[in-house]
Every structure is written in structure tokens, then in C-alpha cells.
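Topology and contacts: notes
Chain by chain, the residues:
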Amino acid sequence: MMNKVIVTENFDPLFWKSYSALWCNSTSRSPYQSPAILQYFTSYYKGHIISILLKKENKLYGAVILKESEGVYTFLSDLKTDVNFFTFHQSCTDDDLEFFFSGFLQIIRRKNWSVMLNNVPSWADYFPSLSKIVSKSNLFCQNISYSVSPLMEAENPAALIGFLDNSFKFRRLRSRLLNHLNGDFEILTDDTDLEEWTTEFCQTHIKKWGETSTRSSFLKKGRQQFLLDSMKAWCNDKVLTRFAIKSNGKRIAFSISLKSPESLIGHSTTYDPDYHKYSPGKVLLQPILKWSADNQFSKFDFGDGDENYKFQFATKNQVMNRIMISPKTNIAFILKTLLIKTVRNNRQAYEFYRKKIKNLIRFSL
């Protein structure tokens, strides 16, 4: 069987048809690499975009889409993601994976590119092949443990809800909120009321973060529209589920959650700070986990980040890596990489970056 790894800038309907078939038959079927969301990103992003593909007998068996900014290529899905997967057909062998990653690095060398792969899941089935090829490369390569995605995992779907039902403290919180606030839960799996729901989510997010150092990015109207368009795309691929708590008909807590084959991912949450004493963010976990169990998920992924509240419930800490690759002649990129590695390995320096610098950068985007 003839294999080849190619680069393309062509994102015509035929490409998306092939990519959709690949994604539907991939092991990850990550919502962050779903066809509709990536297609939206290719129309949204104004810079240079390329895709590196694995072809077997002219059929698509692997793909990654990258965007370029200031001479560095990163995942296109970095525009809105918790984790970035390469997309491979479920029939790919270890030899296929190593062939692709070898070709991937050869293209980087030939094109003289610098590449920063953010939030690469160490639990992906292809990660050992990627790590192996990167470690053998004569390019400058650094594979850094960079972030985490805490996971709540049960033996089976029915046991997932038990994490909360067995907690007297949580049952008391839930009862107090529902009874004192005349509260109920809302679960939406289609585009019902999507625009109003998104507007309320953004307004609540802005209110919650106020004038703190972590001001809401939704203060920018463009980010609100970007969120709405992203959720429309996820709806099209049937991976979006929205949860809310209502008090007397008013939404006071929200969760944007995304479906992957094995877990529901809590992508983004917020709540009205006026109801803080009722712990609406924690109480919202109840309908989320019940829905997950009812839909045969035994895992709930809290998404990117090591916020303290996640570890009150998580049973596993999934590590995500940042992989930096460039020619050895790109001194500026190499120095930046070594600085990132130094900061990430120094707890005090990293906490300063995470709490002060990172949020300033995020808000300026």
C-alpha cells in the first residue's frame, strides 16, 4: 500500500467531505477538531492556513490543520480549544503513525518552519509514536509537560452520578439552591434559543469577572459573536450540550459542554455572582453528570486548567504537552522555547505568569 504525507492549502468542498469521513471514523472524534468547527475557523482566520495529510491509496487517513502567525505554525483549533488532537483513521497502525510523524518533521525541515503544538494530549493513542519520532529528530525539539485536564472517571456510567449523590454536603447545596431560589435545571442538545442563551452566558461571564485582573474577554463584542458562531458549528456536528440553572425562570449558571467518544467535556462555565452563596457552579454538576450517565458516559472531563474546584471532584489528572519544533538556526524560537520550559518548571515563575501575564495576553487578543 502506497503511503504519502503531503501539504495542502486547498480547503474546497471535496477536502471537507474527505475530512468529515475521516473524523467520523477516527478514534478521537474530538469536538475541537470536528469538521464544522474547523471549517468555520478556516473562514474566520485571516492568516496563512495549511493542512498536512496522510494519504493511503489516495484516501485520507490522517490530518492536522495549522495556522501561521509571525513565522510560527500552531494548531488552527487553538482559536478555541481545551485540547488539540491529530485526526487519524481508527485503522491506522503504529507504522502508519510513525510514517506520518516522520513525514511531518521532514516537511518542517524542508519548509524551514517553526512549530508550536499546544495542549497535545499525552493520553492519545498516537502520542507514543509522536514522542518517539520527535525524540529521534535532528531538528530542535522540546516536549514539555505543560498543562492538565482533570478527569472524573467512574467504573461505569451509573457510578458517575454517585460521586455527588454519596456526598451529604453536595446534596444539601443542591436542595438549598433548588428550594430557596425556586430553581430548576435546563438541558439543551440542539440550537433551541441559542442566540439568547449565548448572550446571557456572555453577560453573566462579564458580570462575574467584573474589573478583576481576569476580566472577561467577552467585553469585546467580536468575542461574543465568535462564541455564538463556534456553538452553531458544534451544533451542526451534534457535539454540543448546554446546561443551565434557572431561578424563577432566569438563567443564573451556565455550562457549555462538548461530547467526545468517551467523555463529556466541560468546556466553559460561568454563574451570576449574586448567587455565589448557593454554589451554583458546583450544583450545576448534578444535571451534567446525570445527563452524562444517562447517555452512557462514564467520564467527565473538566477541560484545560488546574483550578482548585476541579480537584474537589476529579479522580485523574490528564497531562497535556507543548511540543516545540524548529530548525536549529532559528535562535529566537529556541530561546523562547527554553524560557517557556524554565518558567513552566519553576512553580513561582509559572504562577506569576498564569495569574498576571497570561490573562493580560488573553484579554488583548
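First things first, this report covers the structure right here in the doc. (Residues numbered from 1 in each chain as written. Predicted model: local features only at pLDDT ≥ 70, side-chain atom pairs only at ≥ 80, totals over all residues. Heavy atoms only, no water.)

Digging into helix H4 (residues 127-136)
Every buried residue belonging to H4 is among Phe127, Ser129, Leu130, Ser131, Ile133 and Val134, and all of these are buried. Buried residues belonging to H4 abut helix H3 (94-111), strand S6 (114-121), strand S7 (140-153) and strand S13 (316-326). (Buried < 20%, exposed > 50% of the residue type's maximum accessible area, 1.4 Å probe, protein only. Helix = DSSP H or I, 4+ residues; strand = E, 2+ residues; numbered from the N terminus. Contact = heavy atoms within 4.5 Å.)

Observations regarding the side chain of Thr81
Checked against the element boundaries, Thr81 lands in the loop between strand S4 (72-75) and strand S5 (87-88). In this view, Thr81 contacts Tyr32 and His267; residues no more than four positions away in its chain are not counted.

Brief notes about the packing of H3 against H4
Relative orientation of the contacting elements H3 and H4 amounts to 40°, with a least axis distance of 9 Å. In terms of their interaxial angle, H3 and H4 are classed as oblique. For the pair H3 and H4, the crossing hand works out as right-handed. Side by side, H3 and H4 meet where Asp94, Leu97, Glu98, Phe101, Ser102 and Leu105 of the first sit next to Ser129, Leu130, Lys132, Ile133 and Val134 of the second. (Axes fitted to C-alpha atoms, helices over the stretch in contact; angles between N-to-C directions. Parallel < 35°, antiparallel > 145°, perpendicular 65-115°, else oblique. Left-handed = near helix turned anticlockwise from the far one by under 90°.)

A word on the environment of His48
Its location among the elements puts His48 in strand S2 (residues 48-56). For His48, a relative accessible area of 28% puts it in the partly exposed group. Separated by 23 residues in sequence, His48 and Gly71 have C-alpha atoms that sit 10.0 Å apart. For His48, the contacting residues outside a window of four places in its chain are Glu9, Leu66, Lys67, Glu68 and Tyr73. Reaching out from His48, the side chain makes a polar contact with the side chain of Glu9 at a distance of 3.1 Å. Here Tyr73 takes part through its side chain, which lies 3.1 Å from a polar atom of the side chain of His48. (Polar contact = N/O pair within 3.5 Å; in protein donor to acceptor, adjacent residues only side chain to side chain.)

Focus on the nonpolar core
Nonpolar side chains in soluble globular proteins tend to be buried together. With 76 residues, the main nonpolar core has Ile52, Phe86, Phe100, Phe104, Leu117 and Ile325 as its most contacted residues. In this structure, Phe100 is in contact with Val5, Ile52, Leu53, Leu54, Val64, Phe86 and Phe88, ignoring residues within four places of it in sequence. If you look at the next biggest cluster of nonpolar residues, it comprises 27 residues, including Leu160, Leu173, Ile245 and Tyr271. (Core = buried A, V, L, I, M, F, W, Y, C linked by side-chain atoms within 4.5 Å.)

Describing the packing of aromatic side chains
Across all of its chains, the model carries 32 aromatic pairs by this definition. Ring centres 4.6 Å apart and planes at 45° place the aromatic pair Tyr44 and Phe226 in the tilted group. On the criterion of sequence distance, the pair formed by Tyr44 in helix H2 (residues 35-44) and Phe226 in helix H9 (residues 221-236) is long-range, its members being 182 residues apart. Looking at Tyr44, the relative accessible area reads 33%, which means it is partly exposed. On the basis of relative accessible area, Phe226 is assigned to the buried category, the value being 2%. Here the aromatic rings of Phe88 and Phe101 are separated by 5.6 Å at their centres, their planes lie at 75°, and the arrangement is edge-to-face. With a gap of 13 residues between them, Phe88 in strand S5 and Phe101 in helix H3 connect regions that are remote in the sequence. Each member of the pair, Phe88 as well as Phe101, is classed as buried. Aromatic ring contacts, followed pair by pair, group Phe75, Phe86, Phe88, Phe100, Phe101, Phe104 and Tyr126 into a single cluster. (Phe/Tyr/Trp six-rings, centres within 6.5 Å; stacked < 30°, edge-to-face > 60°.)

Quick notes on the pattern of salt bridges
Taken as a whole, this structure holds 15 salt bridges when the rule is applied. The partner of Glu98 in a salt bridge is Lys132, with the nearest N and O atoms 3.2 Å apart. Here Glu98, found in helix H3, pairs with Lys132, found in helix H4; they are 34 residues apart in sequence, far enough to count as distant. Under the relative-accessibility criterion, Glu98 is labelled partly exposed at 21%. Put simply, Lys246 and Glu186 hold a salt bridge, and the shortest N to O gap is 3.5 Å. Here Lys246 is found in strand S9 (residues 240-247), whereas its partner Glu186 is found in strand S8 (residues 183-188), with 60 residues between them in sequence. The buried category is assigned to Glu186, whose relative accessible area is 12%. (Salt bridge = Lys/Arg side-chain N within 4 Å of Asp/Glu carboxyl O.)

Examining unusual backbone geometry
Backbone geometry at Asn58 places phi at a positive 70°, although glycine is not the residue there. With respect to the helices, strands and loops of the structure, Asn58 is situated in the loop between S2 and strand S3 (59-69). A relative accessible area of 58% means that Asn58 is categorised as exposed. Residues other than glycine seldom take positive phi values, yet Asn112 does so here, at roughly 60°. Residue position: Asn112 is located in the loop between H3 and S6.

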